[in-house]
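Read off the chains here:
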Amino acid sequence: MGQAGEWDVIVVGSGLGGVSAAAILARSGLKVLVCEQSDGVGGLAHAFQRDGRTFDSAIRVLAEGEMVQGLLDWLGVADQCELTVIDHLYEARFPDRSVFAPTGLEEFMEAHIRLFPGEAEGIRAFFQLRRQMFLETAQAPMRVTDPSALGQLAELLPTLMKYRTATLQQVMDEYLRDPRLKAMCSALWPYMGAPPSQLSFFAYSQFIGVLIDGPSYCRGSFQKLVDAFVTAVRRGGGQVATGTPVERILLHPDGRVAGVRTAAGEVCTAPVVVSNADARHTFEELVGAEHLPGAYARRLRRLRPSMSACVVYAATTQDVLAQQPAHETFVYRHWDHEDTWRDLLAGRPGGMSLSIMTMLDPGLAPPGEHLLIATAVAPWRLPDGQSWHERKDAFADSLLGEFETVIPDLRKHLTFVQAGTPQTIQRYTRNHEGATYGWAMGPHQIGGKRLPHDTPVPGLFLSGHWTEEGPASFRVILSGMNTARQVLGHLGTGLDVPTFKPDDVPQLAL
Ligand SMILES: Cc1cc2nc3c(=O)[nH]c(=O)nc-3n(C[C@H](O)[C@H](O)[C@H](O)COP(=O)(O)OP(=O)(O)OC[C@H]3O[C@@H](n4cnc5c(N)ncnc54)[C@H](O)[C@@H]3O)c2cc1C
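Source: prediction; values computed, not measured. (Residues numbered from 1 in each chain as written. Predicted model: local features only at pLDDT ≥ 70, side-chain atom pairs only at ≥ 80, totals over all residues. Heavy atoms only, no water.)

Q: How would you summarise the overall build of the chain if you had to cite specific residues and measurements?
A: The helix and strand inventory of the chain stands at 17 helices and 20 strands. Scaling as 2.2 N^0.38, a compact globule of 510 residues should have a C-alpha radius of gyration of about 24 Å, and the chain matches this with 22 Å. Here the C-alpha coordinates of the chain stretch approximately 65 × 60 × 50 Å along the principal axes. Of the contacts made within the chain by residues no fewer than 6 positions apart, 72% connect residues no fewer than 24 positions apart. Roughly 19,000 Å² of accessible area belongs to the chain as shown, and the carbon and sulfur atoms make up 50% of that amount. When the 45 positive and 56 negative side-chain charges of the chain are each reduced to one mean point, those points stand 4 Å apart. (Helix = DSSP H or I, 4+ residues; strand = E, 2+ residues; numbered from the N terminus. Rg over C-alpha atoms; globule rule 2.2 N^0.38 Å. Contact = heavy atoms within 4.5 Å. Areas by Shrake-Rupley, 256 points an atom, 1.4 Å probe, with all protein chains shown as cover. Lys, Arg positive; Asp, Glu negative; His and termini not counted. Charge placed at Lys NZ, Arg CZ, Asp CG, Glu CD.)

Q: Talk me through the pairing of strand β7 (residues 88-93); I want residue IDs and the actual numbers.
A: Burial within β7 is extensive, with 5 of its 6 residues counted as buried. Looking at chain direction, β7 and strand β8 (residues 98-102) are connected through 5 bridges and run antiparallel. Of the residues in β8, the one forming a bridge with Ala92 is Val99. Joining the antiparallel neighbours β7 and β8 is a turn of 4 residues. Here β7 pairs with strand β16 (residues 328-331) via 3 bridges, running parallel. Across the sheet, residue Arg93 finds its bridge partner in β16, namely Val331. (Buried < 20%, exposed > 50% of the residue type's maximum accessible area, 1.4 Å probe, protein only. Pairing = 2+ DSSP bridges.)

Q: Describe helix α1 (residues 16-27), naming the residues involved and giving the relevant values.
A: With 12 residues, α1 ought to run about 16 Å at 1.5 Å a step, and its terminal C-alpha atoms sit 16 Å apart, in line with that. Most of α1 sits out of view: 11 of its 12 residues are buried. For α1, every residue scored as buried is listed here: Leu16, Gly17, Gly18, Val19, Ser20, Ala21, Ala22, Ala23, Ile24, Leu25 and Ala26. Where α1 is buried, its residues touch β2 (9-12), β3 (32-35), α2 (65-75), α10 (223-235) and α17 (473-490). (Expected span 1.5 Å × (residues − 1).)

Q: Any details on the nonpolar core? Residues and values, ideally.
A: Core analysis: the biggest nonpolar cluster contains 121 residues, and Leu16, Phe126, Leu225 and Phe229 have the highest contact counts within it. Excluding residues within four positions of it along the chain, Leu16 makes contact with Gly42, Ala45, Ile59, Leu225, Val226, Phe229, Ser473, Val476 and Ile477. (Core = buried A, V, L, I, M, F, W, Y, C linked by side-chain atoms within 4.5 Å.)

Q: Residues and numbers for the side chain of Thr467, please.
A: With respect to the helices and strands, the residue Thr467 is situated in the loop between β20 (460-462) and α17. Using a relative accessible area of 1% as the deciding quantity, one classes Thr467 as buried. A polar side-chain atom of Thr467 sits 3.2 Å from a polar atom in the side chain of Ser479. In this view, Thr467 contacts Arg450, Leu451, Pro452, His453, Leu462 and Ser479; residues no more than four positions away in its chain are not counted. (Polar contact = N/O pair within 3.5 Å; in protein donor to acceptor, adjacent residues only side chain to side chain.)

Q: Describe the site of the ligand, naming the residues involved and giving the relevant values.
A: Among the 36 residues in the neighbourhood of the ligand, the closest are listed as Glu36, Leu44, Val61, His465 and Ser473. One of the backbone nitrogen or oxygen atoms of Val61 is found 2.7 Å away from a nitrogen atom of the ligand. For the ligand, whose unbound accessible area comes to 1,000 Å², protein coverage reaches 98%. If you list the elements that add at least two residues to the shell around the ligand, you get α1, α11 (279-288), α16 (422-429) and α17. For the shell around the ligand, the per-class residue count stands at 17 nonpolar, 16 polar and 3 charged. Residue contributions to the shell around the ligand reach at least three from each of two domains, namely domain 1 (5-45 + 66-77 + 220-304 + 438-490) and domain 3 (307-429). (Near = heavy atom within 4 Å. Nonpolar A, V, L, I, M, F, W, Y, C, P; charged D, E, K, R; others polar. Domains from an automatic or database assignment.)

Q: Please give an account of the pattern of salt bridges that cites residues and values.
A: Side-chain pairs of opposite charge can arise where the charged atoms are in close proximity. Across all of its chains, the model carries 25 salt bridges by this definition. Ionic pairing is found between Glu91 and Arg93, a salt bridge with its closest N-O pair at 3.3 Å. For Arg301, the salt bridge identified is with Glu284, shortest N-O distance 2.8 Å. Here the residue Arg301 occupies a position in helix α12 (residues 294-302), and Glu284 occupies one in helix α11, the gap between them amounting to 17 residues. The network of salt bridges with common partners includes Arg333, Asp343, Arg348 and Glu402. (Salt bridge = Lys/Arg side-chain N within 4 Å of Asp/Glu carboxyl O.)

Q: Before we move on, could you go through the sheet that holds strand β13 (residues 267-269) and cite the residues and values that matter?
A: Overall, mixed pairing links the 4 strands, which are arranged β1-β13-β12-β11 in an open sheet. Edge strands, defined here as strands with exactly one partner in the open sheet, are β1 (5-6) and β11 (246-251).

Below, the structure written as structure tokens:
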């Protein structure tokens, strides 16, 4: 308690998109307050402890570790967390074949060519196209407001302009023939919560474009990364208050932001509020839709949230490394991802992966134990009217059962199991219907079609996976950087935020 009073900036929510913005603003000399409704900081980046075990609640890998490292250095907190590069991406198991995906574009393509040598040319063209999209995106403007500029852009950025509204499936159909190869080349779709037929190729190409160089893991859990940002906020004179839900974003009579009122009734004033919370929650409950221009309110209603997930946290005394597994294994019961999508909509496990966290970081568990995290893409509503509360245990058991092809008898040796459902995600983050990635990642909900950082409410800014940079840890940190940049401009500080890797971090445009 004791947050009441005057602040320069109040940040609602301590997800990575919130704490990264807060840390930069505090480092820039502003008096910053972060209000977090939950008892722990980090939102989806929060890690929890159970009997000497540390589980990341959601995040398992981080792209663009180098850029994040640069930001931590600039904030003076690089010593607070250790990012290590993982030497492979994943293994994807299909009904009668599997692919082990190494890092490095050449190695990644070769792994697929070895399985489908007759399609070498198509595989190379498909993944080079992804690279080209990535490079062209790095040169694209953040937003195009003048329609006549589109013609010019088509000449300058031909690949990007051709495929920017395509789905992953459409582009695979153009370059690849064998449906099994297409399934393998899109095996990572659960990371984005939509099957290839619904997933933006643009977003997928950006995503895999940064992951392919080698994802990073944060030793000791991603909580360390969150805590490093929190340290930077506190060192800059700011405050991070947990167990402090914001109930209302207060406005002056002329519509400008005045501050926030917490659920405990405390009033904190500030000329700027950054909301890292769910965008609908922000506008419809905290601000009040009556304060929004009609067009903005309608846009907010049109945007669809992403799918949710079920996550099972487990510990075992089995020697799981004897099976020589990948650090993350996707298991598909079907070759056709549309069949997998039908399974998960019907409430059966689908879009599943198993991560062996102690393979990367043995210190997460007591000696002799391994920690496993099984994840499945899952809908908010079950089709048969059952609640997730009723379904949870049976779902967790069958999800773990699916991985007994990876680790035989997995369920017989468990020393700990706890399951989280879409309702758990909703409860801990207030993300609409337990959304895992902000808005769904279809071609019409990415980049500039998501929400910009500035809003129609003067002094209110947004940061996190509902905004233009999109979802995932690295992108929401980028979103925090861009939000902080805009806030510094809005307050007329004359300060800016460095770009830590200016040449190849695309801002996500159009
Ligand atoms: C199961 C799962 C696995 C994932 N795996 C990965 C992965 O391996 N790698 C990766 O990069 N990304 C992963 N993601 C995606 C990634 O976790 C998110 O995109 C990202 O963490 C979102 O960060 P954020 O800052 O936008 O919001 P959030 O983390 O959702 O934070 C929002 C915060 O706002 C707080 N809040 C909301 N309302 C209020 C209020 N009224 N008052 C105060 N506080 C409030 C919430 O409590 C929360 O702390 C995964 C997501 C899920 C669900």
